[in-house]
Amino acid sequence: MSEIKTAGQQFGRRSWAEPWKIKMVEPIRMTTAEERQRAIQEAGYNTFLLKSEDVYIDLLTDSGTSAMSDRQWAGMMLGDEAYAGSRNFYRLEAAVQQYYGYRYVVPTHQGRGAENLISQACIKRGNYVPGNMYFTTTRLHQELAGGIFEDVIIDEAHDSQSLHPFKGNIDLGKLQALVDRVGAANIAYVSLAGTVNMAGGQPVSMENVRALRAFCDRHGIRMYLDATRMVENAFFIQEREPGYADKSIAAILKEFCGYTDGAWMSAKKDNLVNIGGWLAVNHEDVFEATRNLVVIYEGLHTYGGMAGRDMEALAIGIEESVQDDHVRSRIGQVRYLGQLLEQWDIPIVKPVGGHAIFLDARRFYPHLEQSDFPGQTLAAELYLDSGVRAMERGVVSAGRDPATGDHRYPKLELTRLTIPRRVYTQAHMDVVAESVKAAYDQREKTRGLEMVYEPQYLRFFQARFTPKG
Ligand code: F0G
């Protein structure tokens, strides 16, 4: 009998295991090939339009899909559902102040609620907003507020094969060139994300944020952080940046945030809740403006669209999210899936980032044009093979240029396998890897898609496609 290797032995390391055990389970359903064919056709070949009942392993997103702990569920019973001044809001405010270090906190229903507030408060029509690669909802809120987004990420971020350890860094030369061209007074703020979702979950170094702080101080520009996956960013600093190996994730997180003027947060990711968000800032003028705007769009400034129980679960989630063992096992699981794919030479974005494996759809399907939507095609193929749900992060997600109306063709044409936190096992990852391999073995037979319906905003959520003949 041949020897069976553990995953750790297979990849030359001691095995790791999650720092939790499972207390409650949710059944999931395997479908037949015929059922999947019908479902994806009805969904217009867009995985966002599938019914979750028809999905086997759901890697659409890590947003709001985490499993809460027993402590968080216990916290749900402590909701103070007062309209104003809920006890849970003060717990949330204290947790953000303690772990992220900002002075003022405005609660929102999720990340894009906070993006709307900061964009409206800080962007004047015609202002530039430089950032380390766009994120879909972030850029749209900046544009709707009259801003012009300018990508100032380092070139390596656009290269799926570059092994740069901090592919999320901002190129200070590009930022300086923008300041020289438009003037510091026309820059609303620097929009910094840690990690960078669209680049493959790539981190920003402490050295880069420190240099950015000095740059912003010299030019009188403020800097706001998309802290959605900043805890995961802190893990990469601990692992890769000299001087940080012995610092805790919590300490690294707080130091990093300390270089910025504030942050917006989709608490549905790092913070381990199914719904929620916040905005936190250090300057009183921005706090005043956003605390006033929140009552128009979200709810009173002591609940911002969340129930009291949601704020309690979030306060507990923040504390759990910065535990070193938790972050190590979370990113360890993402890497395990990456190692399985790499051993079969399946093209993925490297180095593997924090929250997902990004399949490089251009290299997966070199015979397809980008206008055939290779990333979208691959997501549909994976679903057809096994019921695994992924999502496109390429030309469909990039949308159209508001000035010209043309498709934006990003260099990265990707399909994202996003891992929810504390939800799936190593066996689920094995099933996912084998399904990607099956799609890869079929790649030469695969044709692209044609878009037959396109909504005006954030088209990737609702666009419909049909297979090319
Ligand atoms: N910023 C980043 C980096 C994000 O990834 C997201 C959401 C948001 C802001 C907006 O937050 O969804 O709570 O309103 N990303 C999800 C994803 C949707 O699947 O990557 P939200």
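Because the structure is a prediction, the values reported are computed rather than measured.

Rules used throughout
- Residues numbered from 1 in each chain as written.
- Predicted model: local features only at pLDDT ≥ 70, side-chain atom pairs only at ≥ 80, totals over all residues.
- Heavy atoms only, no water.
- Helix = DSSP H or I, 4+ residues; strand = E, 2+ residues; numbered from the N terminus.
- Expected span 1.5 Å × (residues − 1).
- Contact = heavy atoms within 4.5 Å.
- Pairing = 2+ DSSP bridges.
- Axes fitted to C-alpha atoms, helices over the stretch in contact; angles between N-to-C directions.
- Right-handed = clockwise from strand over helix to strand, strands pointing away.
- Salt bridge = Lys/Arg side-chain N within 4 Å of Asp/Glu carboxyl O.
- Buried < 20%, exposed > 50% of the residue type's maximum accessible area, 1.4 Å probe, protein only.
- 1 Å grid on protein atoms, 1.4 Å probe; cavity = no way out; pocket = protein on both sides within 12 Å on 5 of 7 lines; lining within 4 Å.
- Points joined across faces, edges and corners; volume = space filled by probe spheres on them.
- Nonpolar A, V, L, I, M, F, W, Y, C, P; charged D, E, K, R; others polar.
- Near = heavy atom within 4 Å.
- Polar contact = N/O pair within 3.5 Å; in protein donor to acceptor, adjacent residues only side chain to side chain.
- Domains from an automatic or database assignment.
- Core = buried A, V, L, I, M, F, W, Y, C linked by side-chain atoms within 4.5 Å.

1. So, helix H12 (residues 308–321)
- End to end, H12 covers 20 Å across 14 residues, agreeing with the expected 20 Å (1.5 Å per residue, within 8%).
- Tucked inside the fold, the buried residues of H12 contact helix H3 (70–76), helix H4 (87–99), helix H9 (230–240), strand E8 (277–281) and helix H13 (324–343).

2. Quick word on the sheet that holds strand E9 (residues 356–360)
- Here three strands make up an open sheet; going across it, the order is E9-E12-E11 and the pairing antiparallel. Two strands close off the open sheet at either side, each with one partner strand: E9 and strand E11 (391–393). Neighbouring strand axes in the sheet, compared pairwise and without regard to direction, differ in orientation by 35° on average.
- Of the pairings in the sheet, the one linking E11 to strand E12 (residues 414–418) comprises three bridges and is antiparallel in character. Among the inter-strand pairings, Arg393 is bridged to a residue of E12, identified as Leu414.
- Against the sheet, H13 contacts E9 and E12, and its axis sits at roughly 30° relative to E9.

3. Some thoughts on the pairing of strand E4 (residues 148–151)
- By the bridge criterion, four bridges tie strand E3 (residues 128–131) to E4 in an arrangement that is parallel. If you follow Gly131 over to E4, its bridge partner there is Asp151.
- Once the chain exits E3 it traverses helix H6 (residues 136–144) before rejoining the sheet at E4, and the crossover so formed is right-handed.

4. Looking at the pattern of salt bridges
- With the rule as written, the count across this model stands at 33 salt bridges.
- Of the charged contacts, one joins Glu35 and Arg29 as a salt bridge, the two residues approaching to 3.9 Å between their closest N and O atoms.
- Residue classification places Glu35 among the partly exposed residues on the basis of a relative accessible area of 29%.
- Of the charged contacts in the structure, one is a salt bridge between Lys174 and Asp155, with a shortest N-O distance of 2.7 Å.

5. Remarks on unusual backbone geometry
- A cis amide bond links Gly194 to the next residue, Thr195, at an omega of -15°.
- Position of Thr195 among the secondary structure elements: in the loop between strand E5 (190–193) and helix H8 (206–219).
- Omega for the peptide link from Lys350 to Pro351 comes to -15°, which places this bond in the cis form.
- Even without a glycine there, the phi angle at Arg422 is positive, about 65°.
- Structurally, Arg422 is set in the loop between E12 and helix H17 (426–441).
- Phi is positive for Leu458, which is not a glycine, with a value near 45°.
- One can find Leu458 in the loop between strand E13 (449–453) and strand E14 (464–467).

6. Considerations on empty space enclosed by the protein
- On inspection of all chains with the given rule, the structure shows three cavities of 30 Å³ or more.
- One number sums up the size of the largest cavity: a volume of about 60 Å³.
- Considering the residues around the largest cavity, the lining is formed by Glu18, Trp20, His326, Ser329, Arg330, Gln333, Pro420, Arg421 and Arg422.
- For the lining of the largest cavity, the per-class residue count stands at two nonpolar, three polar and four charged.
- Around the second largest cavity, the lining residues are Val231, Glu232, Asp270, Ser321, His326, Val327, Arg330 and Arg421.

7. Looking at the site of the ligand
- In the vicinity of the ligand there are 17 residues, among which Arg112, Asp226, Ser266, Lys269 and Arg416 approach most closely.
- Take Asp226: an N or O atom from its side chain is 2.6 Å from a nitrogen atom of the ligand.
- Among the elements that make up the shell around the ligand, the one with the highest residue count is helix H5 (residues 111–122) (three residues).
- Both domains that meet at the shell around the ligand, namely domain 1 (7–62 + 324–467) and domain 2 (70–321), each give it at least three residues.

8. Regarding the pairing of strand E2 (residues 104–108)
- Within E2, five of the five residues are buried, which leaves it mostly tucked inside the rest of the structure.
- On E2, burial covers both faces: Tyr104, Val106 and Thr108 on one face and Val105 and Pro107 on the other are all buried.
- Bridge count between E2 and E8: five bridges; the pairing is antiparallel. Paired with Val105 across the two strands is Ala280, which belongs to E8.

9. Focus on the nonpolar core
- Of all hydrophobic cores here, the largest spans 60 residues; its most connected members are Tyr100, Leu192, Leu225, Phe256, Trp278 and Ile318.
- Looking at this core, the element that brings in the most residues is H9, giving six residues.
- Phe256 has contacts with Leu192, Val204, Ser205, Met206, Val209, Leu225, Met230, Asn233 and Ile237, leaving out every residue within four places of it along the chain.
- Ranked by size, the runner-up nonpolar core spans 33 residues in total, among them Ala7, Tyr56, Leu341 and Tyr424.

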